[in-house]
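Inside the fold
Okay, here's what each chain looks like letter by letter:
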Amino acid sequence: MAKEFVVASLDPPGNGGNAQVFPDGESESQAAMRLRTALERSQHPMLIADDQRRWVTGNAAACDLLGVERAEIPWRTMDEFTSPGERKRLAEQWGAFLSSGGAEGWYQLYVPDRGPMPVEFSATANVLPARHLSVFIPPDEGSAEQTTRALAREATWAPVMVEGAGRVQLTEREREVMMLVASGLQSGDIAEHLFLSPETVKSHVHNALAKLGAHTRAHAVAIALVTGQITWEV
């Protein structure tokens, strides 16, 4: 029997936070369906949190990353997977994130029995009213030195201003590549899938990040999903 996806808690409370401007006149219900589909299809960990940093739903990859069952997600918080010494700063950063609308960088997850886990991190506020999307992406294949650097600098992330008006539309190829990144493929897999060289794939990813105003793949995926530049068929 297929596992049921947890979606009921996507429904925001009345008078929630400031909602995103949905792409192409998209309604809130259409945006909710698009997010549900993205969470179901992506192999990267994705979670939705409320204003108090409580997880309200997540996909199977997020459950594997955090080592919890899907039914447990609504009972867990972002703080639980943050080092106790960093929780005060997390609260301050989260408040700034809610004001700015976005966040990106490296997040050092603390999962019981696994130790510190540096991952690319992006958060986008109010993808639905009072619902905030987080995307976690592990370092790309062949990037062991990237992980080492992230650990050395204690894997930090910071709020960023969301400036949708200045973003350039992706080309068809860039959308295709970013869709595969969002699906969970590594650069080598994408190159093989599209019959491209790994260098060409990296160039497309680099160009997509620049156009989306992102510095990490996680942030680019979040922006592309929220703005409707990459979608899965519902």
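About the thresholds
Residues numbered from 1 in each chain as written. Predicted model: local features only at pLDDT ≥ 70, side-chain atom pairs only at ≥ 80, totals over all residues. Heavy atoms only, no water. Phe/Tyr/Trp six-rings, centres within 6.5 Å; stacked < 30°, edge-to-face > 60°. Helix = DSSP H or I, 4+ residues; strand = E, 2+ residues; numbered from the N terminus. Buried < 20%, exposed > 50% of the residue type's maximum accessible area, 1.4 Å probe, protein only. pLDDT = per-residue confidence, 0-100. Contact = heavy atoms within 4.5 Å.

1. Remarks on the packing of aromatic side chains
For the structure shown, the criterion picks out four aromatic pairs. With centroids separated by 5.1 Å and ring planes inclined at 50°, the aromatic side chains of tyrosine 107 and phenylalanine 121 adopt a geometry described as tilted. Here tyrosine 107 is found in strand β3 (residues 101-111), whereas its partner phenylalanine 121 is found in strand β4 (residues 115-128), with 14 residues between them in sequence. By relative accessible area, tyrosine 107 is classed as buried at 3%. Look at phenylalanine 121 and you get buried, because its relative accessible area is 0%. Among the aromatic side chains, those forming a connected cluster through ring pairs are Tyr107, Phe121 and Phe136.

2. Some details on the confidence of the model for the protein
Counting all residues, the mean pLDDT for the protein is 80, and 78% of those residues have values of 70 or more. Confidence drops under pLDDT 50 across residues 1-9; counting only partners more than four residues distant or on other chains, this segment forms 17 contacts.

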